[in-house]
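The residues making up each chain are set out below.
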Amino acid sequence: MDKDLEQRFISQLEKHQNIVHKVCRIYTSGQDEHSDLFQEITIQLWKAFPNFRGDAKFSTWMYRVALNTAITLYRKSKRSVRGDSHEYVLNNLKYHEYNDEEEQQLKLMYDAIKQLSDVEKALIFLFLEDKSYREISETMGITEVNARVKMNRIKSKLRTILNP
Amino acid sequence: MDEFELLKKDWKKRETSLPKLSYEDIYAMILKKSSSNVKWIFIISFAEMLIGLPLLFYTPDETEHLNYLFIDILTYASYPICIYFVYRFYKNYKKISATSSVRGLIDSIIRARKTVKHYIIFNLSIMFVISVYASVATYIEESGGWTAYKQLSAPTDHLVLIALTILATLLIIGLAIGFYLLLYGFLLRRLHKNYKELKKIEV
């Protein structure tokens, strides 16, 4: 019984691990922090898995637990502000497909996101994941209207950071 | 294109560069509970050392006159070794937190269990020596000292001495084993369970 639960959990997480990696990418800078947070989220997911009733999609549930972990648990324990943030995010992909101007803009935008609060990061993350406002509201536990308002505020906040 | 749409497109593109963990990697992560067991081993041993420290310098009034120099030397000498063990426990904990591969975890668990076993064997041997020495020394002291004992003792006295020594030592060692089983046995068993699980996925 226990074994079965474990197997189901690991296969599901293996399949959807990208979600967790992307959450780590938004919240951490550097390989070590990434692995740290990934592990923390995995443990939280595993702890919460017995209560996952299956009335939501596994991936939706994962978004929720992963973001909650990043916002609440990870924040308290360790967070070092290091200067390597944008190199870490950006090194993984070269910008062949973009022209210089676009590349520069993307770089600035990722840097701007790093300056947002943890909750704001969660919202912009869900936006980047192309989630609908209904899905965002479900994941974050807020109303759809509230999600819309918050998202607009975050976008204009990002614009302000980019063009002070 | 809107700057946020551009960002979204870029974000999507970056998915290809995400790390990819295997089933085993994730499994090992869940089993990382091992690291918290090893952490507790370190914490308990450290607490044990802290409690032991004042006892080391404290001699009860009743035994003051007995003045067991040998025991003093033994306990003082064993102290650095205890500190060394606590240090090893700490190293084990650090090491197990840093590994995530299945093989690495197996090795760390084996090492952690071995250190605990050595630690317990070491402590029990020290207690054994102290208890034998103290029993004999106390008995002789109570019979009026070594010279008096040598002159006056009958063969039955020797038998009583041996019996008392064995009894006292058994009692002390028994208590100590119970104490250690309680403290570390539980953690060791959990580590062993994790070890067996890991072994299964490794083959």
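Structure first, text after, so check above.
Quantities reported herein were computed from a predicted structural model and do not represent experimental measurements.

Caption draft 1: A positive patch on the surface, seen in detail. All names here are of chain B. Among the surface-exposed residues, Lys91, Lys95, Arg111 and Lys114 lie close enough to one another that they form a single positively charged patch. Positionally, Lys91 belongs in helix H5 (residues 69-98). Overall, the relative accessible area of 43% leaves Lys91 in the partly exposed class.

Caption draft 2: Structural detail: the pattern of salt bridges. Applying the stated criterion across every chain yields a total of 9 salt bridges over all chains. One salt bridge in this structure joins Glu129(A) and Lys22(A), with 3.0 Å as the shortest N-O distance. With a gap of 107 residues between them, Glu129(A) in the loop between helix H6 (118-128) and helix H7 (133-140) and Lys22(A) in helix H1 (residues 2-27) connect regions that are remote in the sequence. Note on accessibility: Glu129(A) and Lys22(A) belong to one class, buried. Each of the salt bridges in this network shares a partner with another, and the network as a whole consists of Lys22(A), Glu129(A), Lys12(B) and Glu15(B).

Caption draft 3: Inspection of the interface of chain B and chain A at higher detail. If you look at the interface, chain B gives 27 residues, while chain A gives 42 residues. In total, chain B and chain A occlude about 3,600 Å² of area from one another, counting both sides; carbon and sulfur atoms represent 63% of this. On inspection of chain B and its partner chain A, the count reaches 3 salt bridges. Across the pair Asp130(A) and Lys8(B) runs a salt bridge, and its minimum N-O distance is 2.8 Å. On the surface where chain B and chain A come into contact, there are 12 residue pairs in polar contact (both at pLDDT 80 or more). Looking at the side of chain B that touches chain A, the elements that each hand over two or more residues are helix H1 (3-13) and helix H2 (23-30) of chain B. Tallying contributions element by element places H1(B) first for the side of chain B that touches chain A, with 10 residues. Each residue belonging to the side of chain B that touches chain A can be placed in one class, and the counts come to 12 nonpolar, 2 polar and 13 charged.

Caption draft 4: Molecular detail of the packing of helix H2 (residues 31-48) of chain A against H2(B). Running from amino to carboxyl end, H2(A) crosses H2(B) at an angle of 75°, the nearest separation of the two axes being 9 Å. What the angle tells us is that H2(A) and H2(B) run roughly perpendicular. Between H2(A), through Phe38(A), Gln39(A), Thr42(A), Ile43(A) and Trp46(A), and H2(B), the contact on the second element is made entirely by Ile26(B), Met29(B) and Ile30(B). For the contact of H2(A) with H2(B), the class distribution of residues is 6 nonpolar, 2 polar and no charged.

Caption draft 5: The arrangement of the packing of aromatic side chains in detail. Applying the stated criterion to the full structure yields 21 aromatic pairs over all chains. Ring geometry for Phe42(B) and Phe46(B): centres 6.0 Å apart, planes at 35°, overall tilted. In this pair, Phe42(B) and Phe46(B) both sit in helix H3 (residues 33-56), 4 residues apart, roughly one turn of the helix. The exposure class of Phe42(B) is buried, given its relative accessible area of 17%. When its relative accessible area of 37% is taken as the criterion, Phe46(B) is described as partly exposed. By the ring-pair criterion, three or more aromatic residues cluster together here, those being Tyr84(B), Phe85(B), Phe89(B), Tyr119(B), Phe122(B), Phe179(B), Tyr180(B) and Tyr184(B). Stacked on the ring of Phe4(B), the Lys or Arg Lys155(A) has its end atom at 5.5 Å from the ring centre.

Caption draft 6: Examining unusual backbone geometry more closely. A positive phi angle, near 65°, is found at Asp130(A), a position not held by glycine. You can see Asp130(A) is positioned in the loop between H6 and H7.

Conventions and cut-offs
Residues numbered from 1 in each chain as written. Chains lettered and ligands numbered in written order. Predicted model: local features only at pLDDT ≥ 70, side-chain atom pairs only at ≥ 80, totals over all residues. Heavy atoms only, no water. Patch = residues over 30% accessible without salt bridge, like charges linked within 9 Å, V, L, I, M, F, W, Y side chains within 5 Å. Areas by Shrake-Rupley, 256 points an atom, 1.4 Å probe, with all protein chains shown as cover. Salt bridge = Lys/Arg side-chain N within 4 Å of Asp/Glu carboxyl O. Lys, Arg positive; Asp, Glu negative; His and termini not counted. Charge placed at Lys NZ, Arg CZ, Asp CG, Glu CD. Helix = DSSP H or I, 4+ residues; strand = E, 2+ residues; numbered from the N terminus. Buried < 20%, exposed > 50% of the residue type's maximum accessible area, 1.4 Å probe, protein only. Contact = heavy atoms within 4.5 Å. Buried area = accessible area lost by both parts, 1.4 Å probe. Polar contact = N/O pair within 3.5 Å; in protein donor to acceptor, adjacent residues only side chain to side chain. Nonpolar A, V, L, I, M, F, W, Y, C, P; charged D, E, K, R; others polar. Axes fitted to C-alpha atoms, helices over the stretch in contact; angles between N-to-C directions. Parallel < 35°, antiparallel > 145°, perpendicular 65-115°, else oblique. Phe/Tyr/Trp six-rings, centres within 6.5 Å; stacked < 30°, edge-to-face > 60°. Lys NZ or Arg CZ within 6 Å of the ring centre and 35° of its normal.

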